[in-house]
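# Coordinate inspection notes
Residues per chain, in single letters:
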Amino acid sequence: MNSSSCIGISTMKPYCRILTSYNSSSIFSNFNNLSKSQTKQFNSRRFRSCGSQITGYIGVIESNRRCFIVSGSNWDQSRVFFNHVDKIWSSGSGRGRGRGSLVISHVASDLRNLSTTTSVDSTTNVVNEKGFERIYIQGGLNLKPLVIEKVEDGHGLVQEEESNRVGLDGSGVSIDDDSKGLGERKVSEIEEEAWTLLRNAVVSYCGNPVGTVAANDPVDKQPLNYDQVFIRDFVPSALAFLLNGEEEIVKNFLLHTLQLQSWEKTVDCYSPGQGLMPASFKVRTVPLDGNEEAFEDVLDPDFGESAIGRVAPVDSGLWWIILLRAYGKITGDYALQERVDVQTGIRLILNLCLADGFDMFPTLLVTDGSCMIDRRMGIHGHPLEIQALFYSALRCSREMLIINDGTKNLVAAINNRLSALSFHIREYYWVDMKKINEIYRYKTEEYSMDATNKFNIYPDQIPSWLVDWFPEEGGYLIGNLQPAHMDFRFFTLGNLWAIVSSLGTPQQNDGILNLIEAKWDDLVAQMPLKICYPALEYEEWRIITGSDPKNTPWSYHNGGSWPTLLWQFTLACIKMGRPELAQKAVSLAEKRLSADQWPEYYDTRSGRFIGKQSRLFQTWTIAGFLASKMLLENPEKASFLFWEEDYELLETCVCALNKSGRKKCSRFAARSQILSNEK
Ligand code: GLC
């Protein structure tokens, strides 16, 4: 085996040792015969298994030859696998024949480049023609780039750098009740209860905390996937822990989910797109290589392939980037985001988001249910929530990406997209009384570059509820924009996150809070906050949700009230200098959450009932409440989590849909949005 001489395994764990001793007739030769579920398990085992210390490195043995060395970790498996795949494929086992042998040589020789490259091609084409970066990986298996911690120039022993350890080596996070921070603050009984519940929701992997389950309802007979760690659900848990001075669980989460990130090009049916982050993952304990006496933990990700409705978790990668930045800001540990593998992870997500498609708008085009609302709710196209998270993730990435020759094009693309995206949303998604009146008087069927009614919106689609509902002051960003279609529903998360990220202009952000305040009885009522307003009813409900019995009017995603949105509301209020509004909402929630056993959501117009099918002891309800409390107590920490207007971005030329010319580049356009709003 050519490559074996070049692969060293130190601190070998039994699992690794077993794998390395397989020969070509091992499990791999039957790879193609595995059933889907076996393949999934196989894949997940390949992704992650116990004993992690992410401590791979390259040793340069000769100037033109590098040794590929890994020290006992679950990371090793990919590499070890490749070693075998190499053997199998080169001995002609069908799929990918001849490709395997290239894997080792490419990985070994291009490891350094992995850190500055992202477009991956599993055969010979470059996926992303933008040319931000390029990685050529041959072979179809998921391979994550090795963490390069040190490049040796000779024969010396390669040291692991302490700062690059994942903290999975037993030096775990303290999740005791008296961990840092909490003990110093006086917490109410309800908060104490919430902390206990939050800690009970912590999931461990190989003895270390890596996340929190979505819900921990002891009487729930059918937990479905609520016993998994959801990426989006973990964000408020992470913030609660970070604000409480407990950072290891967050670091572990970020690194482990990074390892689950899809590294496969989308070629085959149902394989996740490269760079996709899973919606959730589960820690499973399985027999170690068929041996019923020994067990190991494995991480099993779900990219939507098991999810109800097979929805795509578009928001996961965006949340991951947002959390990564928050981790750095709150802990001051910027080394994490500077790691080679972390930088590569960011770039993979961005490449997926920035890839060209048929669509020509700066907004992201997605399928229905690709975010917190993960069921059919008529939010396919360009839903606000995804755009706001996308904008935030771009801003985070701009701060975190290390600029070098390999990333400068990507950074330029980010800047362009940020400008275009904010221009687009500010211009076409914003509605207030004045704008609605304009739409009311729109001419239609305008074929020309200088159309006023660019999306051919028929005034008749202005819903009757909206005409009376609009307050004199304030406005909001609509839920979605498509040809001849404005979704006028108010979606809370998107609007709040537009404030937090400054996707809206300062005046629009203010206007959104004004509207929430003016429409308090509709949007907050008895439980903060409505996920969207109003609910789809009657024929609309039947057609748009597909008669979904879970999403009946004023329930669940269809106008239900979700206490987890409290932390985002709190953040938005603190940013806009109106913490008293958040305080009012938190007090409302505080009165009921504990008594109601921390429901996932509430039903009815006023949020009066615990949701029909609501889980109890829902973790992000608990964590969202705690995070809100802590943010209100430490507003200076909240400032780590939001963004002010970036005036530099306004200087970037915006190629808007313009009145004259096919592609008019206007530096003034973006700035004028702010100026006209100031009037
Ligand atoms: C539901 C929610 C989704 C959440 C998941 C786990 O599917 O719609 O947003 O992530 O439950 O709590």
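Cut-off values and rules
Residues numbered from 1 in each chain as written. Predicted model: local features only at pLDDT ≥ 70, side-chain atom pairs only at ≥ 80, totals over all residues. Heavy atoms only, no water. 1 Å grid on protein atoms, 1.4 Å probe; cavity = no way out; pocket = protein on both sides within 12 Å on 5 of 7 lines; lining within 4 Å. Points joined across faces, edges and corners; volume = space filled by probe spheres on them. Nonpolar A, V, L, I, M, F, W, Y, C, P; charged D, E, K, R; others polar. Near = heavy atom within 4 Å. Polar contact = N/O pair within 3.5 Å; in protein donor to acceptor, adjacent residues only side chain to side chain. Areas by Shrake-Rupley, 256 points an atom, 1.4 Å probe, with all protein chains shown as cover. Sits in = over half its atoms within 2 Å of the grid points. Pairing = 2+ DSSP bridges. Helix = DSSP H or I, 4+ residues; strand = E, 2+ residues; numbered from the N terminus. Axes fitted to C-alpha atoms, helices over the stretch in contact; angles between N-to-C directions. Parallel < 35°, antiparallel > 145°, perpendicular 65-115°, else oblique. Left-handed = near helix turned anticlockwise from the far one by under 90°. Contact = heavy atoms within 4.5 Å. Core = buried A, V, L, I, M, F, W, Y, C linked by side-chain atoms within 4.5 Å. Buried < 20%, exposed > 50% of the residue type's maximum accessible area, 1.4 Å probe, protein only. pLDDT = per-residue confidence, 0-100. Phe/Tyr/Trp six-rings, centres within 6.5 Å; stacked < 30°, edge-to-face > 60°. Lys NZ or Arg CZ within 6 Å of the ring centre and 35° of its normal.

## Points about empty space enclosed by the protein
Counting across every chain of the model gives 6 cavities of 30 Å³ or more. Lining of the largest cavity is provided by 25 residues; of these, N225, Y226, F230, D374 and Y556 occupy positions nearest its centre. Residues that form the lining of the largest cavity fall into these classes: 14 nonpolar, 4 polar and 7 charged.

## Here's the deal with the site of the ligand
The environment of the ligand is made up of A214, Y226, F230, R232, D233, M372, D374, Y556, H557, E600, Q618 and W620. With respect to the ligand, the side chain of Y226 contributes an N or O atom lying 3.4 Å from an oxygen atom. In the model, an oxygen atom of the ligand is placed 2.5 Å from a nitrogen or oxygen of the D233 side chain. Contact with the protein chains covers 96% of the free accessible surface of the ligand, which is 300 Å². Put simply, the ligand lies in the largest cavity. Taken together, the residues of the shell around the ligand sort by class into 6 nonpolar, 2 polar and 4 charged.

## Observations regarding the pairing of strand β11 (residues 291-302)
Of the pairings in the sheet, the one linking strand β10 (residues 280-288) to β11 comprises 9 bridges and is antiparallel in character. Paired with S280 across the two strands is D302, which belongs to β11. The hairpin turn running from β10 into β11, its antiparallel successor, is 2 residues long, and D289 in that turn takes a positive phi close to 50 degrees.

## So, the packing of helix α19 (residues 566-575) against helix α21 (residues 619-633)
Where α19 meets α21, the closest approach of the two axes is 8 Å, and the angle between their N-to-C directions is 20 degrees. On the basis of the axis angle, α19 is roughly parallel to α21. You can see that α19 and α21 cross each other, and the crossing is left-handed. Across the interface between the two elements, L566, W567, T570, L571 and I574 of α19 pack against G624, A627, S628, L631 and L632 of α21. Class assignment of the residues belonging to the contact of α19 with α21 gives a composition of 7 nonpolar, 3 polar and no charged.

## Description of the environment of G273
Here G273 shows up in the loop between α7 (248-260) and β10. Measuring from C-alpha to C-alpha, the distance between G273 and L352 comes to 7.6 Å, with 79 residues separating the pair along the chain.

## A few points about the nonpolar core
Ranked by internal contacts, the top residues of the largest apolar core, which has 160 residues, are W320, Y476, F488, W497 and F569. Once you skip the residues sitting within four places of it in the chain, W320 turns out to touch L254, T257, L258, M277, V342, G345, I346 and I349.

## Points about the confidence of the model for the protein
Per-residue confidence for the protein gives a mean pLDDT of 76; residues scoring 70 or more make up 69%. Scored below 50 in pLDDT, residues 51-183 makes 334 contacts in the model with residues more than four places away or belonging to other chains. Every residue in residues 656-662 is under pLDDT 50, and counting partners more than four places away or in other chains gives 14 contacts.

## Side note on the packing of aromatic side chains
Enumeration over the complete set of coordinates arrives at 21 aromatic pairs. Ring geometry for F470 and Y476: centres 5.7 Å apart, planes at 25 degrees, overall stacked. Exposure remark for F470: the relative accessible area of 7% places this residue in the buried category. Taking the centre distance of 5.7 Å and the plane angle of 75 degrees together, the rings of W497 and W567 count as edge-to-face. Taken as a pair, W497 in helix α15 (residues 492-501) and W567 in helix α19 lie far apart in primary sequence, 70 residues in all. A residue is classified by how much of its surface remains accessible, and W567, at 2% relative accessible area, is buried. Feature note: the residues W465, W469, F470, Y476, F490, Y533 and W554 constitute an aromatic cluster, connected by ring pairs. Directly above the ring of W520 sits K584, whose terminal nitrogen or CZ lies 4.2 Å from the centroid.

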